[in-house]
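Below are the chains, spelled out letter by letter.
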Amino acid sequence: MSEERPSEAFKTLPFAQKVGGRPLILFVSFEPMIESLVAYLGNAREYLDLMLDFGGEEVEIVHGSQAYSMKANWKLLVENSMDGYHAIPTHQRFFSQYLADIGMDASSWAGPNRIQGIGLALGGHAVIENRARALPITGTAKGELDRIRARAGRTVRPRAGASYRRLQQKRRFENFISFLGPAGFGTPDDVDALEGCQRGFAAWREVSWSDMSRGMGRGQPSSRDELQMRAFWRRWHALMQGLRGASDCSDRPEQRAAAE
Amino acid sequence: MAGPAMPGDAAVFTRGEIEEFLTHEAALLDAWRLEEWLELMAPDARYLVPPLDAPEADHRDTLFLIADDRRTLASRVRQLLSGLTWAENPRSRTRFIR
């Protein structure tokens, strides 16, 4: 079948009209009249550059894919990825049980001393900006990782580098599957919550609006407000209206005034 | 209650003993006696579930669905018993295939 004559199948694929970006992140569009990538990304480009400038160099693709499904609209998963308040109640078993079990201090993530960021609407791009904080690295020996990292910084030896990379990969695997995936300690609870939301939305005739107004009256909403989610929904709405080009997805003054 | 023969006993297990052990393990899971089930695991036990697209892979260079060691397994048990694991309320049913 397709294994025998792959070229035939490829002939039916449309050609990419525009390709842009930088190493590690490529943007492809099949729309010939699309706006330039720089215009599309706008101020969000700075965040992608920062991300890649600090730590994007040694990307490695590993085998083993994880797939799971949920009975919920895809936009709920986007909301889930960018709201600043679901993590602690939804992921109680991760924050209050698992992190405690492995001796990890989660106080910068949960509780009164948690670090709080700001939410931004950069065009249609939703951004949460946080002060740098320790990731809850969930490997078996965070101290070991820190020690090896320090040593690797001083001594340049290919062997040490190789073993550091292997250890780092082990930690990344542990970090990934401790939270993500169908058997992780985080994702299944997200799926459970999103399917619950989807069931709730069956009441749309009685309750036709989903309230995303949190922080609308504030000059600079925090990451626990919902500006970044409004940005996503406004952008989605603009695209559904057939709007081309950039759209302002920030809170407009009259909306802010109404909220105040 | 006389427990089943444990791995590590310096004995050659009979088929009957192995069957009894597996039945005992299954009964513990059915009864959701997870702490007792955990006690069956050796200190260096690994609980590995490979990804569906690489079932023969090595967990050291491939992302697995589950790659628990004894400590992670113990935490998994505590999480399941904590009442905070929303996705497992009600809990999954177990099935045994021989």
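Residues numbered from 1 in each chain as written. Chains lettered and ligands numbered in written order. Predicted model: local features only at pLDDT ≥ 70, side-chain atom pairs only at ≥ 80, totals over all residues. Heavy atoms only, no water.

**Q** I'm lost on the overall build of chain B in this one. Help?
**A** Helix and strand counts for chain B come out as three helices and two strands. Element order for chain B, N to C, with α for helix and β for strand: α-α-β-β-α. Going through the 98 residues of chain B one by one, you find that 32% of them count as buried. The contacts in chain B between residues at least 6 apart in sequence include a share of 39% that link residues at least 24 apart. Of the roughly 6,700 Å² that chain B leaves accessible, carbon and sulfur atoms contribute 55%. (Helix = DSSP H or I, 4+ residues; strand = E, 2+ residues; numbered from the N terminus. Buried < 20%, exposed > 50% of the residue type's maximum accessible area, 1.4 Å probe, protein only. Contact = heavy atoms within 4.5 Å. Areas by Shrake-Rupley, 256 points an atom, 1.4 Å probe, with all protein chains shown as cover.)

**Q** Looking at this structure, I do not really get the overall build of chain A. What am I missing?
**A** Broken down by element type, chain A carries 11 helices and four strands. The buried share of chain A, reckoned over its 260 residues, is 33%. Put simply, of all contacts in chain A between residues at least 6 apart along the chain, 61% involve residues at least 24 apart. Summed over all atoms, the accessible surface of chain A reaches about 16,800 Å², with 57% contributed by carbon and sulfur.

**Q** What is the right way to look at a nonpolar patch on the surface in this model?
**A** A contiguous nonpolar patch, built from V19(A), L26(A), V28(A) and F30(A) and spanning about 430 Å² of accessible area, is present on the exposed surface. Taking the relative accessible area as the measure of exposure, F30(A) reaches 52% and is therefore exposed. (Patch = residues over 30% accessible without salt bridge, like charges linked within 9 Å, V, L, I, M, F, W, Y side chains within 5 Å. Salt bridge = Lys/Arg side-chain N within 4 Å of Asp/Glu carboxyl O.)

**Q** For this particular structure, what's the right way to read the layout of surface pockets?
**A** Sizing a probe to match a water molecule and rolling it over the atoms shows the empty space that remains. Residue and element names in this part refer to chain A. In this structure, the second largest pocket occupies an estimated 880 Å³ of space. Around the second largest pocket, the lining comprises 28 residues; the ones closest to its centre are S208, W209, S210, M212 and W233. Where the lining of the second largest pocket is concerned, the elements lending two or more residues are α4 (74–82), α9 (187–200) and α10 (227–240). Ranked by the residues each element gives to the lining of the second largest pocket, the list is headed by α10, at six residues. Tallied by class, residues from the lining of the second largest pocket come to 12 nonpolar, nine polar and seven charged. (1 Å grid on protein atoms, 1.4 Å probe; cavity = no way out; pocket = protein on both sides within 12 Å on 5 of 7 lines; lining within 4 Å. Points joined across faces, edges and corners; volume = space filled by probe spheres on them. Nonpolar A, V, L, I, M, F, W, Y, C, P; charged D, E, K, R; others polar.)

**Q** Which parts of the structure should I look at to understand the pairing of strand β4 (residues 125–129) of chain A?
**A** Put simply, side chains in a regular strand alternate between the two faces of the sheet. Residue and element names in this part refer to chain A. In this structure, strand β3 (residues 118–122) lies alongside β4, joined through five bridges in antiparallel fashion. Within β4, the residue paired with G119 across the bridge is I128. Linkage of β3 to β4, two consecutive antiparallel strands, is achieved through a turn of two residues, within which G123 is found at a positive phi near 60°. (Pairing = 2+ DSSP bridges.)

**Q** Any chance you could explain the interface of chain B and chain A here in plain terms?
**A** Bring the parts together and some accessible area is lost; that lost area is often taken as the interface size. Taken together, the contact pairs 23 residues of chain B with 26 residues of chain A. Surface buried jointly by chain B and chain A totals about 2,300 Å² across both partners, of which 55% is contributed by carbon and sulfur atoms. Sorting the residues of chain B by area buried against chain A places L63(B), R71(B) and W86(B) first, and these three jointly supply 29% of that buried surface. Taken together, chain B and chain A are joined by one salt bridge. Notably, a salt bridge pairs R78(B) with D101(A), separated by 3.0 Å at the nearest N-O pair. Where chain B touches chain A, the interface holds 11 residue pairs in polar contact (both at pLDDT 80 or more). (Buried area = accessible area lost by both parts, 1.4 Å probe. Polar contact = N/O pair within 3.5 Å; in protein donor to acceptor, adjacent residues only side chain to side chain.)

**Q** How do you make sense of the packing of helix α6 (residues 92–101) of chain A against helix α3 (residues 70–82) of chain B when you look at a structure like this?
**A** A pair of packed helices can be characterised by two numbers: the angle between their axes and the separation between those axes. Orientation of α6(A) relative to α3(B), taken along the N-to-C sense of each, is 145°, at an axis distance of 9 Å. Crossing hand, α6(A) versus α3(B): right-handed. Contact residues: R93(A), Q97(A), Y98(A) and D101(A) in α6(A); R71(B), T72(B), S75(B), R78(B), Q79(B) and S82(B) in α3(B). Residues of the contact of α6(A) with α3(B), tallied by class, amount to one nonpolar, five polar and four charged. (Axes fitted to C-alpha atoms, helices over the stretch in contact; angles between N-to-C directions. Left-handed = near helix turned anticlockwise from the far one by under 90°.)

**Q** Which parts of the structure should I look at to understand the environment of L120(A)?
**A** All names here are of chain A. In this fold, L120 is placed in strand β3. When the C-alpha positions of L120 and S29 are compared, they lie 25 Å apart, and in sequence the two are 91 residues distant. In this view, L120 contacts Y47, H125, A126, V127, E129, Q220, L227 and Q228; residues no more than four positions away in its chain are not counted.

**Q** Please clarify how the packing of α4(A) against α9(A) should be interpreted in this entry.
**A** Residues and elements named next belong to chain A. Contact geometry for α4 and α9: axes closest at 10 Å, N-to-C directions at 125°. When the axis of α4 is compared with that of α9, the two are oblique. Crossing geometry of α4 relative to α9 is assigned as right-handed. Contacts from L76, L77 and N80 of α4 reach α9 at D190, L194, C197 and Q198. Of the residues belonging to the contact of α4 with α9, the class tally is four nonpolar, two polar and one charged. (Parallel < 35°, antiparallel > 145°, perpendicular 65-115°, else oblique.)

**Q** How do you make sense of the side chain of R234(A) when you look at a structure like this?
**A** Residues and elements named next belong to chain A. Here R234 is to be found in helix α10. R234 gets classed as buried once you look at its relative accessible area, which sits at 18%. With residues up to four places along the chain from it excluded, the contact list for R234 reads M216, L227, C249, S250, D251 and Q255.

**Q** Would you mind showing me how to read the confidence of the model for chain B here?
**A** All names here are of chain B. Averaged over chain B, the pLDDT score is 88; the fraction of residues at 70 or greater is 89%. Mean pLDDT values for the elements of chain B range from 94 in helix α1 (residues 15–30) up to 97 in helix α2 (residues 34–39). As scored by the predictor, the complex reaches a pTM of 0.78 and an ipTM of 0.82. (pLDDT = per-residue confidence, 0-100.)

**Q** Mind showing me how you'd approach α9(A) here?
**A** A turn of α-helix holds 3.6 residues, and therefore any two residues three or four places apart point the same way. Here α9(A) spans 20 Å end to end across 14 residues, near enough to the 20 Å set by a 1.5 Å rise per residue. What α9(A) keeps buried is the set T187(A), P188(A), D189(A), D190(A), V191(A) and L194(A). (Expected span 1.5 Å × (residues − 1).)

**Q** Sorry if this is basic, but what is going on with the packing of aromatic side chains here?
**A** A ring pair, where both rings are aromatic, is described by two values, the distance of the centres and the angle of the planes. Evaluation of the coordinates by the stated rule reveals eight aromatic pairs over all chains. Among the aromatic residues, those joined into a cluster by ring pairs are F94(A), F95(A), Y98(A), F179(A) and F185(A). (Phe/Tyr/Trp six-rings, centres within 6.5 Å; stacked < 30°, edge-to-face > 60°.)

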